[in-house]
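Topology and contacts: notes
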Number of protein chains: 2
Amino acid sequence: MNAERIEVRAGSPGEAGSAVWIGRGLLESAASLLFSPSGRFLLISAPAARAAADVLRGALAGRLILDLTIDDREEAKTLDGVARIADAALAAGLRRDDALVAVGGGVTTDVAGFAAAVLLRGVAWNAVPSTTAAMADAAVGGKTGVNHPLGKNLLGAFHPPRAILVDPAALATLPERDYRSGLVEGFKAAWIADAPLAERAERALSLLLAREEEALLDLVAGAVRVKAGIVSSDPKEEGRRRLLNFGHTLGHAFEAAGGYRDLRHGEAVAWGIAAALEISRDRAGLSNEEAARVREVLARLGPFPQPRRDPALLAPYLARDKKATASGRAGILLEAIGRARVEEAIPEEAWLAAAARGQI
Amino acid sequence: MNAERIEVRAGSPGEAGSAVWIGRGLLESAASLLFSPSGRFLLISAPAARAAADVLRGALAGRLILDLTIDDREEAKTLDGVARIADAALAAGLRRDDALVAVGGGVTTDVAGFAAAVLLRGVAWNAVPSTTAAMADAAVGGKTGVNHPLGKNLLGAFHPPRAILVDPAALATLPERDYRSGLVEGFKAAWIADAPLAERAERALSLLLAREEEALLDLVAGAVRVKAGIVSSDPKEEGRRRLLNFGHTLGHAFEAAGGYRDLRHGEAVAWGIAAALEISRDRAGLSNEEAARVREVLARLGPFPQPRRDPALLAPYLARDKKATASGRAGILLEAIGRARVEEAIPEEAWLAAAARGQI
């Protein structure tokens, strides 16, 4: 085991943050890396993460008081999904000093993390992401939550996992489409805050697509470092953390307009980034050359299914974006590769025009 | 308006605490006392709190984006109840800078506060308690939550209301049984930490029972001061805060064993205190005289319906108490009136024997 450890600070000085472990072979060492005050764990896993869950079952033998496989489709990311985990955890005799372990993609970590946040008013949890999207983004940063008929992630809590294990072995059975679309979140982190990382990952793109582990660990660790830095400085998303939403304002609208079926999250974000590039050229001075570099990466990670761009369809989802406040809908613009900023009030027409225009 | 203001500090230095306002005529000044970053409010009220809600409707005229009356029976204190508030709030266009106002008893503040905790990962809320129990206890301290078939308050969050308005006018239509049983929580606070308050309230018991406002405000303000002091020193219930659970370990079991119908919360706590007095005499040196004084107050607040004391019925609820950890079930014992302590591991047999024995 040769692991890097990255700390993510939590909301407030008294609160516990996350330790992100990144390296090969971590799953086997889960017993010493995962956190549980009582030493007891409740395993919550996605069906597709079975290989990783099996390794954990071995590593945590005798310490599991629950072994629950959940429906991890986006449609199951609901308050009912949280209730099902809560039911099972309480029936298993969960105590305040026990801890959950969520093994899967972003849906699994979001739902299980939310369950941990509300069970007994909060128990500890750990995340073992089994998708590129969850490794680079979803599992880090403390946001948990579920969808609502009116929009994505409208219910949730800030409740960071105590430990996050990023082991490429967990990706072994990840379908190609998920592997590739998840890398969008890794690149996103580089584009908003780490130009050298973006350049390295661009050069390594063929290796990344071939699932070469060194290249993957470099991008994921870089993305986690970017996210850890930003989240630690603004855990509750009152300012700088919004930078991480680059591509997500329209991304969420595209995803919702596709009924959460047509597009993977990373694919919707890719289209959201393509649209944000248009607004960034108009309003933040992003050069045509750098916009083209970003699009080139997205094209090689794809091809992605086209989103539905109909303004009448997208507008209601944009209006419900939870970053909207009385002063308007903030957007994240790229000034250059490695440098983004928040623009507080971008008019709806600009969003919808960019949604119609953005190409990959 | 002649109000006292008591601050309750929150979990962590960065987090917002609660300002508790106590006095006559506060409801009319709600617009200046309740907190909302946007100035917009969502009113969530219990049917029985209609008089208080009506005053608030006037005081907040033009600033309400939702006016929702909820089912506030203990049976409706469920995750579904939270979902119904969330549905209505999101449909009303809730934004992150809006705030909820919960008007009612403990069920209303617990459910609406929990909804505020998870809506958009947390929006601000305010509490306007309309029962003695909620004034003296439920609305203060940041605990929100709902029941689960396996036990009370098993799902929830720590999410303090930003402002709490304690105005005796809100009690105008409170039924006698609720008024009296709610005072148990006020006395409980005095018994665990404030001997002079306990003495004053004992002497004023006839006035309290006659709903004399000065006597009531003295007891409620004293109870809030006790709770504020304890909660501020231990917001997440890791140590000293457990003192507030005096009478609640068995109280919750009695309440559950009665299907949350037979006993009011305060009544179940009264029986829980009667049992805890037995254990306190055995293990904490509580004198017979002081135990008798406590019982005398409880008797005058009653008579309360008898609880079900069958050990076979109570044991499973005790086992699920969420303060149980691997090291046993902690209990709160009274050493003397005004002084309580936590005993870490009290055997189940001792609990069940006291449950059978405790008289009022």
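Conventions and cut-offs
Residues numbered from 1 in each chain as written. Chains lettered and ligands numbered in written order. Predicted model: local features only at pLDDT ≥ 70, side-chain atom pairs only at ≥ 80, totals over all residues. Heavy atoms only, no water. Helix = DSSP H or I, 4+ residues; strand = E, 2+ residues; numbered from the N terminus. Rg over C-alpha atoms; globule rule 2.2 N^0.38 Å. Buried < 20%, exposed > 50% of the residue type's maximum accessible area, 1.4 Å probe, protein only. Contact = heavy atoms within 4.5 Å. pLDDT = per-residue confidence, 0-100. Axes fitted to C-alpha atoms, helices over the stretch in contact; angles between N-to-C directions. Parallel < 35°, antiparallel > 145°, perpendicular 65-115°, else oblique. Left-handed = near helix turned anticlockwise from the far one by under 90°. Nonpolar A, V, L, I, M, F, W, Y, C, P; charged D, E, K, R; others polar.

1. Things to note about the overall build of chain A
Helices and strands together make up the secondary structure of chain A, namely 14 helices and 11 strands. Its C-alpha radius of gyration of 19 Å places chain A within 12% of the 21 Å reference for a compact globule of 360 residues. For chain A, the C-alpha atoms occupy an extent of roughly 60 × 40 × 40 Å along the three principal directions. In chain A, buried positions account for 62% of the 360 residues. Taking the intrachain contacts of chain A between residues at least 6 apart in sequence as the baseline, contacts between residues at least 24 apart amount to 73%.

2. Re the confidence of the model for chain A
In the predicted model, chain A carries a mean pLDDT of 93, and 96% of its residues have values of at least 70. What the predictor reports for the complex is a pTM of 0.91 with an ipTM of 0.89.

3. What about unusual backbone geometry?
Residue and element names in this part refer to chain A. Cis geometry is found at the peptide bond from Gly302 to Pro303, where omega equals 5°. As for its position among the elements, Pro303 is in the loop between α12 (288-301) and α13 (311-319). Notably, Arg121 is not glycine yet its phi reads approximately 60°, a positive angle. Of the residues examined, Arg121 reaches a relative accessible area of 8% and is grouped as buried. The phi dihedral of Asn153 is positive, around 55°, even though this residue is not glycine. Its location among the elements puts Asn153 in strand β8 (residues 151-158).

4. Some details on the packing of α13(A) against helix α14 (residues 348-357) of chain A
Residues and elements named next belong to chain A. At a closest axis distance of 10 Å, the pairing of α13 and α14 adopts a crossing angle of 130°. Considering the angle they form, α13 stands oblique to α14. In the crossing of α13 with α14, the sense of the turn from one axis to the other is right-handed. For the pair α13 and α14, contact is made by Pro311, Leu314, Ala315 and Leu318 and by Glu348, Trp351, Leu352 and Ala355, respectively. Looking at the contact of α13 with α14 residue by residue, the classes come out as seven nonpolar, no polar and one charged.

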